[in-house]
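Here is what each chain is made of, one letter per residue.
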Amino acid sequence: MNLSEGLIGGTTVFFVGAITGYWVLRWKERGVAVAHELERQSRLDAARREAEALLREARLASSEESMEIRRKADTEIGERLKSAASVEQAASDRRTAAERMAGDVALREERIDAEAKRLEQRAETLEASEKEARELAEEVKQALSRISGLNPAEAREQLLKQIEGESLSDAARLVRNVIEEAKVRSEETARKILTVAIQRFAGTHTSDISTATVALSGDDIKGRIIGREGRNIRAFELATGVTVLIDDTPNAVVLSGFDPVRRAIAREAMERLILDGRIHPTRIEEVVAKVTEEMDETILRSGEDAVVKAGVGPMHSELVKLLGRLRFRHSFSQNILDHSVEVAQLCGLMASEIGIPLIPAKRAGLLHDIGKAVNHEVEGAHALVGADIVRRCGEPEDIVNGVASHHDEVPHVGLLGILVSAADAISASRPGARSETMTTYLRRVENLERIGMSFQGVERCYAVQAGREVRVLVRPERISDDESLLLARNIARRIEEELQYPGQIRVIVLRETRCTEYAK
């Protein structure tokens, strides 16, 4: 009983536990299903919300795109409307301009027709007036012939002479005005002319005054002068400031440079290097330095010798050095230092003749070309440059003016400038001073007088100052003051065309009217 009850009770408990477990499993399964359903529902809701968001975004994007398309379309339509309006306006303007032009053409045609009619009437009037004028001129001509007793040919000749005289006077006044205007611009024009002349002309004279030739014992020395890769010749040109020209000329080297002192130093240095045989950059610098030092002594000694020859007494050391530099300068083949000493002697002789102090005249003559000793870096005429140098070195004002005025750049103050001008002309123009033979000199003087006498109205003609000046005396009753100016220019032009001469020739036309009356 107890066993059966126990079995029954155990079975009951088993079934109860089984049923309970079954329903627990069913509840668990249902909970899992519910959870799955809830999760699925939440996923569906999330997907639905995402789809709605995407839909809203798509609608918004499509709305914005449509608005952008509509805006672009409106803008394009507006631009096309504006373009069409501008084209229409341009077409309207063209039509208006064409209508206006057509009106102007019609009006112009009317004016042209009216002008043509007026010109026809005027032509008829002028023709009638011309006919009347011819008849009147014929009557006047006959009346003038009866009154003057001259035939038409004689009257025409007198009229032509009168017109010619008036034309010459007008031309002379015009020439004078042109000359006065040209003087204002003469300095700039002269510089241009000289620049062009220097560029276009490089003749024998330029070669003679700018080059020096050094003789060689053989052509093999040229290679040593050039050096390896040209280092010797470069060192020589750098040390002397002179260009070395080595060409096919046998047994010769040419040194080119405008500074005569540098050229002399280069020539002496080149000769010493060739004689020594050791040619290299260091040796070149040593020799050039030594020759330069000796050249300074040579220049000083030449200046001192010139001062002694001229007999002018002590002189500033700077002036003595500049005088020594003139030993290396030439003017038309005449050595300027010898020329300066000669001018000093001539000034002294003339000063003693006219009774003025001798030493100042000699000093002014010796220093008159001192401005030619400085290089081109100092601007100005050599007379003015020299006067400035002389003034800085303490010379008196009368000597300074004598130097400055010897080419008439400044007015003469006292007699020294006149004496220096005369002595300078005598020294430079005497036969043989500047490589000119006596025959050539006499022929030039004769040709100058011949050219002056070849013009009508000239009474006498003289070539003075050794052919540097032509003085022409004209008949006052045939040549007026205005015509004298034209005559001087014509004579100068003829001299330039027919003669060859150094420097310049002054042409002076003199017209003198003498009135004589007797008191009875």
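Keep in mind the model is a prediction, meaning the values are calculated, not measured.

**Student:** Before we go on, may I ask you to explain helix 7 (residues 260-276) in this structure?
**Tutor:** Since the α-helix packs 3.6 residues into each turn, any two residues three or four apart lie on the same face. In this model helix 7 runs 24 Å from its N-terminal to its C-terminal C-alpha over 17 residues, within 8% of the 24 Å that 1.5 Å per residue would give. Where helix 7 is concerned, the buried positions are Pro 260, Val 261, Arg 263, Ala 264, Ile 265, Ala 266, Ala 269, Met 270, Leu 273 and Ile 274. A positive phi of about 90° marks Gly 277, the residue just after helix 7.

**Student:** Before we go on, may I ask you to explain helix 13 (residues 397-404) in this structure?
**Tutor:** Burial analysis of helix 13 places 6 of its 8 residues in the buried class, the great majority of the element. For helix 13, every residue scored as buried is listed here: Ile 399, Val 400, Asn 401, Gly 402, Val 403 and Ala 404.

**Student:** Can you help me understand the confidence of the model for the protein in this one?
**Tutor:** For residues with low pLDDT, the predicted coordinates do not support detailed interpretation. Per-residue pLDDT for the protein has a mean of 79; in total, 81% of the residues score no lower than 70. Segment residues 197-207 is flagged for pLDDT under 50; beyond a separation of four residues in sequence, or across chains, it makes 2 contacts in the model.

**Student:** Looking at this structure, I do not really get the nonpolar core. What am I missing?
**Tutor:** Here is a general trend for soluble globular proteins: nonpolar side chains tend to be buried in one another's company. In terms of nonpolar packing, the biggest core is built from 36 residues, with Val 307, Met 315, Leu 319, Leu 323, Leu 366, Leu 367 and Val 390 touching the most fellow members. Listed by contribution, the elements that provide at least two residues to this core are helix 8 (281-310), helix 9 (317-325), helix 10 (336-354), helix 11 (358-367), helix 12 (382-392), helix 13 and helix 14 (416-429). Broken down by element, the residue count for this core peaks at 7 residues, all from helix 10. Those residues in contact with Leu 366 that sit more than four places away from it in its chain are Ala 306, Val 307, Ala 310, Val 312, Met 315, Leu 323, Ser 340, Val 341 and Ala 344.

**Student:** Looking at this structure, how should I read the pattern of salt bridges?
**Tutor:** Should the charged atoms of two oppositely charged side chains come close, the side chains can pair. Taken as a whole and judged by the stated rule, the model has 26 salt bridges. Between Asp 276 and Arg 283 there is a salt bridge; the shortest N-O distance is 3.1 Å. Residue Asp 276 is classed as partly exposed on the basis of its relative accessible area of 31%. Here Glu 397 makes a salt bridge to Arg 391, at a shortest N to O gap of 3.5 Å. Taken together, the shared-partner salt bridges connect Glu 268, Arg 272, Lys 290 and Glu 294 into one network.

**Student:** Mind showing me how you'd approach a nonpolar patch on the surface here?
**Tutor:** A surface patch of nonpolar side chains, amounting to about 740 Å² of accessible area, comprises Phe 14, Phe 15, Ile 19, Tyr 22, Trp 23 and Trp 27. Note on placement: Ile 19 falls in helix 1 (residues 2-148). For Ile 19, a relative accessible area of 48% corresponds to the partly exposed category.

**Student:** What am I meant to see in the sheet that holds strand 7 (residues 469-474) here?
**Tutor:** Strand pairing in a sheet relies on backbone hydrogen bonds, with the paired strands running either antiparallel or parallel. Sheet architecture is open: 3 strands sit in the order 6-7-8, paired in mixed fashion. Since the sheet does not close on itself, it has two edges, and those belong to strand 6 (458-464) and strand 8 (506-511), each with one partner. Adjacent strand axes in the sheet meet at a mean angle of 20°, parallel and antiparallel pairs treated alike. Sheet strands touched by helix 16 (residues 481-498): strand 6, strand 7 and strand 8. Its angle to strand 8, the strand with the most contacts, is close to 150°.

**Student:** What is the right way to look at the packing of helix 11 against helix 13 in this model?
**Tutor:** Packed helix pairs are characterised by how far apart their axes lie and by the angle those axes make with each other. Interaxial distance between helix 11 and helix 13 falls to 9 Å at its minimum, and their mutual angle equals 40°. Accordingly, the angle class assigned to the pair helix 11 and helix 13 is oblique. In the packing of helix 11 onto helix 13, the handedness of the crossing is right-handed. Contacts between helix 11 and helix 13 involve Pro 360, Arg 363, Ala 364 and Leu 367 on the former and, on the latter, Asp 398, Ile 399 and Val 403. Residue classes in the contact of helix 11 with helix 13 are distributed as 5 nonpolar, no polar and 2 charged.

Rules of the game
Residues numbered from 1 in each chain as written. Predicted model: local features only at pLDDT ≥ 70, side-chain atom pairs only at ≥ 80, totals over all residues. Heavy atoms only, no water. Helix = DSSP H or I, 4+ residues; strand = E, 2+ residues; numbered from the N terminus. Expected span 1.5 Å × (residues − 1). Buried < 20%, exposed > 50% of the residue type's maximum accessible area, 1.4 Å probe, protein only. pLDDT = per-residue confidence, 0-100. Contact = heavy atoms within 4.5 Å. Core = buried A, V, L, I, M, F, W, Y, C linked by side-chain atoms within 4.5 Å. Salt bridge = Lys/Arg side-chain N within 4 Å of Asp/Glu carboxyl O. Patch = residues over 30% accessible without salt bridge, like charges linked within 9 Å, V, L, I, M, F, W, Y side chains within 5 Å. Areas by Shrake-Rupley, 256 points an atom, 1.4 Å probe, with all protein chains shown as cover. Pairing = 2+ DSSP bridges. Axes fitted to C-alpha atoms, helices over the stretch in contact; angles between N-to-C directions. Parallel < 35°, antiparallel > 145°, perpendicular 65-115°, else oblique. Left-handed = near helix turned anticlockwise from the far one by under 90°. Nonpolar A, V, L, I, M, F, W, Y, C, P; charged D, E, K, R; others polar.

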